[in-house]
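Per-entry structural report
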Amino acid sequence: QVQLAESGGALVQAGGSLRLSCAVSGRTFSRYGMGWFRQAPGKERDFVATISWSFGSTSYADSVKGRFTIDREKAKNMVYLQMNNLKPEDTAVYYCAATAWGASDQSSRYQYWGQGTQVTVSS
């Protein structure tokens, strides 16, 4: 089993920045994908960004491309989401996820999820 714990969510003004962290513990995979997803009230859980743990290759939703950066620190078992130029539409609970099936933009591909951290962007 893999346990994930997000932190770093906060209330920020539009245009501000936050860095979310995801601590990975328990059993891990030799090669797996990590993802960030977000969910606003009444909405489905949406893809934000993914990264390959081994190779560091990344992908981003069009809505965050150029503003958000996903990264990982393998020695510390940490995954990060640097969020710059935040917009009110970024307001959501952000979830860290892990999959043994390779990084994917589909939430159904992920086996492990954190509990989420709230990001609120004021207008």
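Attention in this report is confined to the structure presented alongside it. (Residues numbered from 1 in each chain as written. Predicted model: local features only at pLDDT ≥ 70, side-chain atom pairs only at ≥ 80, totals over all residues. Heavy atoms only, no water.)

1. What to know about the state of the cysteines
One way to say it: the disulfide is the covalent bond shared by the sulfur atoms of two cysteines. The full count for this structure, using the stated rule, is 1 disulfide. Between the sulfur of Cys 22 and that of Cys 96 lies a disulfide, 2.1 Å long from S to S. Of note, the bridge from Cys 22 to Cys 96 carries an S-S torsion of about -80° and is left-handed in sense. Of the two residues, Cys 22 is situated in strand S3 (residues 18-26) and Cys 96 in strand S9 (residues 92-99); the sequence distance between them amounts to 74 residues. Taken individually, Cys 22 and Cys 96 each receive the classification buried, so the pair is uniform in this respect. (Disulfide = S-S within 2.5 Å. Helix = DSSP H or I, 4+ residues; strand = E, 2+ residues; numbered from the N terminus. Buried < 20%, exposed > 50% of the residue type's maximum accessible area, 1.4 Å probe, protein only.)

2. Quick notes on the packing of aromatic side chains
Taken as a whole, this structure holds 6 aromatic pairs when the rule is applied. With a centroid separation of 5.4 Å and an interplanar angle of 15°, the aromatic rings of Tyr 32 and Trp 53 are classed as stacked. With Tyr 32 in the loop between S3 and strand S4 (33-39) and Trp 53 in the loop between strand S5 (46-52) and strand S6 (58-60), this residue pair connects regions lying 21 residues apart in the sequence. Grouping residues by exposure puts Tyr 32 and Trp 53 together as buried. Between Tyr 95 and Trp 113 the ring centres are 6.4 Å apart and the planes differ by 80°, which places this aromatic pair in the edge-to-face class. On the criterion of sequence distance, the pair formed by Tyr 95 in strand S9 and Trp 113 in strand S10 (residues 112-113) is long-range, its members being 18 residues apart. Take Tyr 95: its relative accessible area is 12%, and that puts it in the buried class. (Phe/Tyr/Trp six-rings, centres within 6.5 Å; stacked < 30°, edge-to-face > 60°.)

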